[in-house]
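Here's the letter readout for the chains.
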Amino acid sequence: MIYLNITSYTVEKLEDPIGLLKGDRYEFFLDLDIDEEDELYSEKGIGLRVLFAVENDEGKIANYHFYEKESDEVLDFALEDDEEETVLHFCSEHIDD
């Protein structure tokens, strides 16, 4: 289990200039504090990029990936169900920041 402790974040509303997508899209970059014992841990830091979609006042995670912050290397890890729920809630609460 990956222990998710979000230490900071940035969020940006993505523009759809030609109107192909329904609803709104937001890009979140979450900085994570990962326990040294976790297989995801890196001294270079770990982040989570989340593409968050909102349509009809309902938010969902459209896509995400973990990455090593210093190198931007994408890491092949997945969120567990409870972690995905945590990220979904966090993004829902912070789309207006």
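To be clear, the structure that these remarks concern was listed above.
Residues numbered from 1 in each chain as written. Predicted model: local features only at pLDDT ≥ 70, side-chain atom pairs only at ≥ 80, totals over all residues. Heavy atoms only, no water.

J.: Whenever I open this one, the pattern of salt bridges confuses me. Can you help?
T.: Pairing between side chains of opposite charge can happen when their charged atoms approach one another. For the coordinates displayed, the defined rule picks out four salt bridges. The salt bridge partner of Lys69 is Asp31, with a shortest N-O separation of 3.4 Å. With Lys69 in the loop between strand S4 (58-68) and strand S5 (74-75) and Asp31 in strand S2 (residues 24-32), this pair connects stretches of sequence that are 38 residues apart. Classification of Lys69 as partly exposed rests on a relative accessible area of 33%. Here Glu68 and Lys44 are joined by a salt bridge, their closest N and O atoms 4.0 Å apart. Of this pair, Glu68 sits in strand S4 while Lys44 sits in the loop between S2 and strand S3 (46-55), and the two are 24 residues apart along the sequence. Residue Glu68 is classed as buried on the basis of its relative accessible area, which comes to 11%. For Lys44, a relative accessible area of 41% puts it in the partly exposed group. (Salt bridge = Lys/Arg side-chain N within 4 Å of Asp/Glu carboxyl O. Helix = DSSP H or I, 4+ residues; strand = E, 2+ residues; numbered from the N terminus. Buried < 20%, exposed > 50% of the residue type's maximum accessible area, 1.4 Å probe, protein only.)

J.: Looking at this structure, how should I read the sheet that holds S3?
T.: Strands in a sheet are paired, the pairing made by backbone hydrogen bonds, and the direction either parallel or antiparallel. Sheet architecture is open: five strands sit in the order S1-S2-S3-S4-S5, paired in antiparallel fashion. With partners counted over all chains shown, the strands left at the sheet margins are strand S1 (6-14) and S5, one partner each. Relative to S3, S2 runs antiparallel, the two sharing nine bridges. When the bridges of S3 are listed, Asp31 appears paired with Gly47. Seen against the sheet, helix H1 (residues 81-94) touches S1, S2, S3 and S4 and runs at an angle of roughly 65° to S3. (Pairing = 2+ DSSP bridges. Contact = heavy atoms within 4.5 Å. Axes fitted to C-alpha atoms, helices over the stretch in contact; angles between N-to-C directions.)

J.: I keep staring at a nonpolar patch on the surface and nothing clicks. Help me out?
T.: On the surface, Ile18, Leu20 and Leu21 cluster together into a nonpolar patch covering about 360 Å² of accessible area. Judged by its relative accessible area of 46%, Leu21 is partly exposed. (Patch = residues over 30% accessible without salt bridge, like charges linked within 9 Å, V, L, I, M, F, W, Y side chains within 5 Å. Areas by Shrake-Rupley, 256 points an atom, 1.4 Å probe, with all protein chains shown as cover.)

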